[in-house]
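Examination of the molecular architecture
Residue-level listing of the chains:
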Amino acid sequence: MPHGENESVVIVWIWIGIGLFFLTTLFITLLVISYMKSIRKNKHKVMQMVRNTQTECWENTIFLQEKDRERLAEELHDNIISRLNLIRLNAQHKNMNELNLDLKNSMQLIRELSHNLTPPDLSEIELSDLIADYLEQVKTNIKVDYYSLILKEYTINNQTKLNIFRILQELINNSLKHANATKITVSVRISKQYLSLIVEDNGKGFKTGTQPAGIGLRSIQSRTKQINAIYKLKTKPQRGTKYIFFVNTITL
């Protein structure tokens, strides 16, 4: 092959190499740009999810605070204020011993209300003991059977402990005020896999799907969601009501 043709072939291959290098560089650049866009897009999605979660948590917190305020107002109106008003109306018709007994009972109601709204130091008491202490007060109004089975000790964080305690309070309150129950059974079980809370009454029950979700049920659902629990309701008219909660012990 003549010398000139060799040079031409070399030049052609050089240009081919330059072209391939350019195309490879362009391809890599496009991949990097696409990857960076994907990262920005995913980052935006993650940030949006975080904002949505924060907003939802904030809304749940506000809702639960309002629920607790409503509980306080209801307890003050239905129990404390009504009882004190009766004492005032009957003050002239009762002797000092009767008035003293009425005032003593009112003070006991106030202590119970204070305990319900602000439970003992959660870090200093086990969940099963906290529930047992609360149910001792409930027994003055209704028969209560309490069963506790701890197969494995777990350190339950205070937030989860408080939410479970508030859920129990709401369920007991529903049984006392709406179910016309004469007996409540509470069971707590902590195993290697899960923590369960079962609250059952022998009240009038109801047909599921026929009653709107009241504030109490919304509060229970909100607290259940906060602790990533599984919640089940079993009830039939005149057959009582059973609430079942499961929490994975890994999340405790």
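In this report, the structure presented in the accompanying data block is examined. (Residues numbered from 1 in each chain as written. Predicted model: local features only at pLDDT ≥ 70, side-chain atom pairs only at ≥ 80, totals over all residues. Heavy atoms only, no water.)

Throughout the structure, instances matching the rule amount to four salt bridges. With a shortest N-O distance of 3.1 Å, D145 and K183 are connected by a salt bridge. With D145 in strand β1 (residues 143–150) and K183 in strand β2 (residues 183–190), this pair connects stretches of sequence that are 38 residues apart. Taking the relative accessible area as the measure of exposure, K183 reaches 31% and is therefore partly exposed. Each of K143, D145 and K183 takes part in a single network of salt bridges with overlapping partners. (Salt bridge = Lys/Arg side-chain N within 4 Å of Asp/Glu carboxyl O. Helix = DSSP H or I, 4+ residues; strand = E, 2+ residues; numbered from the N terminus. Buried < 20%, exposed > 50% of the residue type's maximum accessible area, 1.4 Å probe, protein only.)

Under the criterion given, the structure shown has four aromatic pairs. Relative to F165, the ring of Y134 has its centre 5.6 Å away and its plane inclined at 75°; by these criteria the two rings are edge-to-face. You can see Y134 sitting in helix α3 (residues 127–138) and its partner F165 sitting in helix α4 (residues 158–177), a full 31 residues away along the chain. There is no split in this pair, since Y134 and F165 are both buried. The interplanar angle of 10° and the centroid separation of 6.3 Å between the aromatic rings of Y231 and Y243 together place this pair among those described as stacked. Of this pair, Y231 sits in strand β4 (residues 230–235) while Y243 sits in strand β5 (residues 241–248); the two residues are 12 residues apart in sequence, bridging distant segments of the chain. Feature note: the residues Y231, Y243 and F245 constitute an aromatic cluster, connected by ring pairs. (Phe/Tyr/Trp six-rings, centres within 6.5 Å; stacked < 30°, edge-to-face > 60°.)

What follows covers unusual backbone geometry. The phi dihedral of N180 is positive, around 55°, even though this residue is not glycine. A positive phi angle, close to 65°, is found at Q238, a residue other than glycine.

We now examine the side chain of S128. The residue S128 is located in helix α3 in this model. Judged by its relative accessible area of 16%, S128 falls in the buried class. Excluding residues within four positions of it along the chain, S128 makes contact with Y146, S148 and I150. (Contact = heavy atoms within 4.5 Å.)

Moving on to the sheet that holds β2. Reading across from one edge, β1-β2-β3-β5-β4 is the order of the five strands in this open sheet, with mixed pairing throughout. If you trace the sheet from one side to the other, it starts and ends with β1 and β4, each paired once. In this sheet, neighbouring strand axes are inclined to one another by 10° on average, regardless of whether the strands run parallel or antiparallel. Relative to strand β3 (residues 194–201), β2 runs antiparallel, the two sharing seven bridges. Following the sheet pairing, I190 is matched in β3 by L195. α4 contacts β2, β3 and β5 of the sheet and is inclined by roughly 15° relative to β3. (Pairing = 2+ DSSP bridges. Axes fitted to C-alpha atoms, helices over the stretch in contact; angles between N-to-C directions.)

This part covers a nonpolar patch on the surface. Side chains of V9, V12, W13, I16, L20, F22, L23, L26, L30 and I33 sit close together on the surface and give an oily, nonpolar patch of about 980 Å² of accessible area. For L26, the position within the fold is in helix α1 (residues 3–89). (Patch = residues over 30% accessible without salt bridge, like charges linked within 9 Å, V, L, I, M, F, W, Y side chains within 5 Å. Areas by Shrake-Rupley, 256 points an atom, 1.4 Å probe, with all protein chains shown as cover.)

The next thing to look at is the environment of M107. Here M107 lies in helix α2 (residues 96–117). Each C-alpha atom, one on M107 and one on I80, is 8.7 Å from the other, the two residues being 27 residues apart in sequence.

For a regular strand, side-chain orientation follows a simple rule: the groups alternate between the two sheet faces. The pairing of β4 with β5 spans six bridges and is antiparallel. Along β5, the bridge assignment pairs I230 with F246. Hairpin connection from β4 to β5: five residues lie between these consecutive antiparallel strands, with Q238 at a positive phi of about 65°.

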